[in-house]
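Summary of the model geometry
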Amino acid sequence: MKIGVFALQGDVSEHVRMLNNAVKELEKNINVVELRGFENFNCDALIIPGGESTTMRKLMHDENGNDINKFLNFLGKISDEEIPILGTCAGLILLAKNVDNKFYDGLLDMEVKRNGYGRQRESFEADVCLKFNLNKTEKFHAIFIRAPVIEKVHKGEILAEFEGKAIAVKDKNVIGLTFHPELTNDTKIYKYFLNLI
Amino acid sequence: MTNTIDTEGKIYGSETLKKGFASMVKGGVIMDVTNAEQAKIAEDAGAVAVMALERVPADIRAEGGVARMASLEKIDEILKTVTIPVMAKCRIGHYSEARILETLGVDMVDESEVLTMADPFFHINKKKFKIPFVCGARELGEAVRRIFEGAAMMRTKGEAGTGDVIEAVRHMHMMNEGIAQLKNLSDEEMQKVAVNYANKYCKLTQEVYEKFEISKEIKEDDVVFDEYNYKYIKDEIFKILEETKKLQRLPRVNFAAGGIATPADAALMMNMGCEGVFVGSGIFKSSDPKKRAKAIVEATSHYNEPKILKEVAKNLGEGMKGTEASKVIEVLQNRGI
């Protein structure tokens, strides 16, 4: 099996490191690859990393130049094929339908406010509870960097909340996180994600 | 549908958060801007952050005078205009400029040799701040000292305002070779390197001894920089060297800066192992800043794809004229060792 990390901009190597750690712990035979584009996609799962969402939107290329809508159509197509997709921070913003009241053809039907907590000096770490199934919550040390705030979730389940707002949302096989598991050493979320394949 | 809310204490300003910020700008271009209009152009072109400045380095060179932190009205205007991170420069060693920038809300401070130095002995102890810092380095020793002081991100110094990439290339070679050569050092030799690197912090104490006109050796428990004694500095620097040796890279995100003027320059630096690019005068001193800014963003991300590079490097108009780095009268990279 093969997992792709979208590698146009952002903290790609951090995701690759954590995926490899999770793969090792699960004793699975999975390759982790960095993707430079979305043509000829042949992975079993996709991660969109943290970074600057405005920059990433501008860098989406196919052979006819850059076009964010083509990328969103591509995401729609692979999610129809039930390929798991995980977006962290900027990745979550690219997955959202409503960002700062602008509408996109995203996969997660929710309203997101970019930099909702403020600027870098308001970035923070905090312990949160993850709820991967109904009977069990697990503690997770979450790192929020100029993080977006999810104002409203229209569709899907909330996997974690902080201060009354959703910070992890899942709709079918698509997961969006406002924080950065790739900046920790805790592979919990990656193992959960890999088990969706 | 929801689960329990956990509102335990939040941690602000940690090293993880500072280094994490630097990770988020990887693969991107940070552009020097001097007003809100330029900041908007940079953001629209796909810049990953902007650097708010009073004058771009090429103008600092041309006009001379003391170069200080940008005016706060200007930085504030830029903070209000764009949603991407805003960085600003402070003078080397100028705690108060840095503190003001932190309070104003800039996302990262560049303690920069492009501005006139404020302290002839020391850089800022960056561990004392909640926001992250980026610093320039010409070689491993400078980088290790800046990391010891708490820098969350590094960049080459290059020779700012010239449009000549040679010095950035030199600094990246020096960094890469320095890191590679650590592999060939014994622990004892590494200790010696750590001592040599740490000795740069003793300059002030040594000058005072010279004025005393007595010969006196610096002792292990002498406090030589901020609150740190000589032994502590040596030990910490050794640890950073060990980590660098093990990782075979700097334990911080490292960008290219100083003289990058074209998409090809950006791709060149990325191919040398830089993780992103600062562009100073190169964009707004060219004939078509919008197009050039976008082209440099594309080239930084797609540095290894010649087909895309060929497309984006077309029809950019005139690049900045520039000055050969070897011909400049005031060499900025020598500031701050």
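Predicted, not measured: the structure shown is a model, and the values here were computed from it.

**Some remarks on the nonpolar core**
Counting residues in hydrophobic clusters, the biggest one holds 82 residues, and the most contacted among them are Leu46(A), Phe71(A), Leu75(A) and Met269(B). Of all the elements, helix H3 (residues 68-80) of chain A adds the most residues to this core, at 6 residues. Setting aside its immediate chain neighbours within four residues, Leu75(A) contacts Leu46(A), Ile48(A), Ile85(A), Leu95(A) and Leu107(A). Among the nonpolar cores identified, the runner-up in size contains 36 residues, and Val12(A), Leu159(A), Phe162(A) and Ile189(A) belong to it.

**Quick notes on the interface of chain B and chain A**
Counting residues at the interface gives 50 residues for chain B, matched by 48 residues for chain A. For the chain B and chain A pair, buried surface summed over both sides reaches about 3,900 Å², with 52% attributable to carbon and sulfur atoms. If you look at where chain B meets chain A, you find 5 salt bridges. Among the ionic pairs, Asp107(B) bridges to Arg146(A), the shortest N-O distance being 3.0 Å. Among the secondary structure elements, those contributing two or more residues to the side of chain B that touches chain A are strand E1 (11-12), helix H1 (15-24), helix H2 (36-45), helix H5 (95-104) and helix H13 (289-301) of chain B. Among the elements that take part in the side of chain B that touches chain A, H1(B) stands out by supplying 7 residues, more than any other. Taken together, the residues of the side of chain B that touches chain A sort by class into 20 nonpolar, 18 polar and 12 charged. Inspection of the sheet shows strand E10 (residues 124-133) of chain A paired to E1(B) by 2 bridges, in the antiparallel sense.

**Here we look at the pattern of salt bridges**
Residue and element names in this part refer to chain B. Counted by the stated rule, this structure contains 44 salt bridges over all chains. Measuring nitrogen to oxygen at the nearest pair gives 3.0 Å for the salt bridge that ties Arg 335 to Glu 330. For Arg 335, a relative accessible area of 14% translates into the label buried.

What counts, and where the lines are drawn
- Residues numbered from 1 in each chain as written.
- Chains lettered and ligands numbered in written order.
- Predicted model: local features only at pLDDT ≥ 70, side-chain atom pairs only at ≥ 80, totals over all residues.
- Heavy atoms only, no water.
- Core = buried A, V, L, I, M, F, W, Y, C linked by side-chain atoms within 4.5 Å.
- Buried < 20%, exposed > 50% of the residue type's maximum accessible area, 1.4 Å probe, protein only.
- Helix = DSSP H or I, 4+ residues; strand = E, 2+ residues; numbered from the N terminus.
- Contact = heavy atoms within 4.5 Å.
- Buried area = accessible area lost by both parts, 1.4 Å probe.
- Salt bridge = Lys/Arg side-chain N within 4 Å of Asp/Glu carboxyl O.
- Nonpolar A, V, L, I, M, F, W, Y, C, P; charged D, E, K, R; others polar.
- Pairing = 2+ DSSP bridges.

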